[in-house]
Amino acid sequence: MRILIIGGGGREHALAWALARSPRQPELFVAPGNAGTAALGRNVPLAADDVGALQQFATRENIDLTVVGPEQPLVLGLVDRFEAAGLAVVGPTAAAARLEGSKAFAKAFMQRHGIPTAAHRTFTAGEYDAAVAYLEAQGAPIVVKASGLAAGKGALVCPTPEAARNALDLVLKEGTFGEAGHEVVIEAFMEGEEASVFALTDGDDFVLLPSAQDHKRIGEGDTGPNTGGMGAYAPAPIVTDALLDRVRRTVIAPSLAGLAAEGAPYRGILYVGLMMTPEGPKVVEFNCRLGDPEAQVVLPLIETDLVELLEAVALRRLGEVEMALHGGAAACVVMASEGYPGSYRKGFVIDGLAAAEQVTEPGATPPGRW
Ligand code: GLY
């Protein structure tokens, strides 16, 4: 079996690692991949957002299954294009990926379907004055978000009215987020602990993967600017079975049913970022993929062959597969070049990977679990 993984980060390395463990011994291709994935399969020098070239590659190379790591190709319609070419692929169509690609869409969708989330209003650049008036009426703290894809940097938590006005200007007036800032979502600040829940769905059935929590700030003790995540662990202790059941009933099931009813059935991984507020779990954001670094801790906890699970998603027969999880927990720490998440130097050689493999491979885990 030939599997193409799209993306080039730690998440895609984790996907390759988990797929490579399959008893079906798939041949792996990763586009563009990284030094880690090169040890598990063949890296293909195609950018993750070059949807046309990726589809031509998949067709030419008789790829049996494609798994998409990052959000951008999904929002650009990679799945639509692959499916039109008769290729099996795991991920939502562009219409369903709007849940991540447009925060304005996601918030309006949640409102339409009664899914718990913070109160909000959406404004375009032409509605700047109305946005200012809304901010003044709401006060602070408040959250200002660029509606489009902004690599995890588009949500600005504003502790004061001045900070909120500056954030609004950054998004709507100064074009800091480019196209992503053509619309702004202003939403009530939610207080509580965050956790992430992941549903794997074929459009009809879904299973929940282990929950996770990531740590976004760069500095020791949760200080400094936000990043894509400096580390994660799974499962999240705060996500009890009762809470997971509530999220299943109040968020996941109505979201999937709502998308199907709106003609955009969701297939793939739905990542729900949740805030545990005093009124119960509320959606902070939807993502249309696995998280990075959450994938690195969620995937090792899945006992069922990942090839079997993902193939069942692509072929719409997830209901026929029983998913089993390992006991125990997983943790991941991200190392980044100095300066991240601002400007930083790239191209350093990473030494010691072989030695690290010895530590992180099954020998480091309780015997019998893997
Ligand atoms: N770690 C956050 C994300 O992948 O969106």
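This section reports on the structure supplied with the text. What you see is a predicted model, and the numbers here were worked out from it, not measured in a lab.

Quick look at the sheet that holds strand 14 (residues 280-287)
At step 1: Strand order in this open sheet of six strands is 14-13-10-11-12-15, and the pairing throughout is antiparallel. Both outer strands of the open sheet, strand 14 and strand 15 (330-333), are each paired with one neighbouring strand and no more. Neighbouring strand axes in the sheet, compared pairwise and without regard to direction, differ in orientation by 35° on average.
At step 2: Pairing of strand 13 (residues 268-277) with strand 14, which is carried by seven bridges, proceeds in the antiparallel orientation. When the sheet's bridge partners are listed, L274 is paired in strand 14 with V283.

A word on the site of the ligand
At step 1: Close to the ligand lie D214, K216, G228, Y271, N287, R289, G291, D292, P293 and E294.
At step 2: Here a nitrogen atom of the ligand sits 3.0 Å away from a polar atom, N or O, in the side chain of D214.
At step 3: One nitrogen or oxygen atom from the side chain of R289 is found 2.8 Å from an oxygen atom belonging to the ligand.
At step 4: Looking at side-chain class alone, the shell around the ligand contains two nonpolar, three polar and five charged residues.

As for the pairing of strand 13
At step 1: The element strand 13 is extensively covered by neighbouring structure, given that 10 of its 10 residues are classed as buried.
At step 2: As judged from the nine bridges shared by strand 10 (residues 193-201) and strand 13, these two strands associate in the antiparallel manner. When the bridges of strand 13 are listed, F198 appears paired with Y271.
At step 3: Between strand 13 and the antiparallel strand that follows it, strand 14, lie two residues.

Overview of the packing of aromatic side chains
At step 1: Under the criterion given, the structure shown has five aromatic pairs.
At step 2: Taking 5.6 Å as the distance between ring centres and 50° as the angle between the ring planes, the aromatic pair formed by F123 and Y134 counts as tilted. Remark: Y134 occurs in helix 8 (residues 128-138) and F123 occurs in strand 6 (residues 120-124); sequence separation between them is 11 residues.
At step 3: Classification of F123 by relative accessible area gives buried; the value is 2%.
At step 4: Taking NZ or CZ as reference, R121 lies 5.2 Å from the ring centre of Y134, over its face.

Considering the nonpolar core
At step 1: Core analysis: the biggest nonpolar cluster contains 49 residues, and L4, L78, F82 and F286 have the highest contact counts within it.
At step 2: Considering each element in turn, this core owes the most residues, seven residues, to helix 10 (residues 241-261).
At step 3: Apart from the residues within four sequence positions on either side, L78 is in contact with I6, V51, L54, V68, P73 and V89.
At step 4: Counting 42 residues, the second-largest nonpolar core is a separate cluster that includes A18, V30, A212 and L299.

Basis of the calculations
- Residues numbered from 1 in each chain as written.
- Predicted model: local features only at pLDDT ≥ 70, side-chain atom pairs only at ≥ 80, totals over all residues.
- Heavy atoms only, no water.
- Pairing = 2+ DSSP bridges.
- Helix = DSSP H or I, 4+ residues; strand = E, 2+ residues; numbered from the N terminus.
- Axes fitted to C-alpha atoms, helices over the stretch in contact; angles between N-to-C directions.
- Near = heavy atom within 4 Å.
- Polar contact = N/O pair within 3.5 Å; in protein donor to acceptor, adjacent residues only side chain to side chain.
- Nonpolar A, V, L, I, M, F, W, Y, C, P; charged D, E, K, R; others polar.
- Buried < 20%, exposed > 50% of the residue type's maximum accessible area, 1.4 Å probe, protein only.
- Phe/Tyr/Trp six-rings, centres within 6.5 Å; stacked < 30°, edge-to-face > 60°.
- Lys NZ or Arg CZ within 6 Å of the ring centre and 35° of its normal.
- Core = buried A, V, L, I, M, F, W, Y, C linked by side-chain atoms within 4.5 Å.
- Contact = heavy atoms within 4.5 Å.

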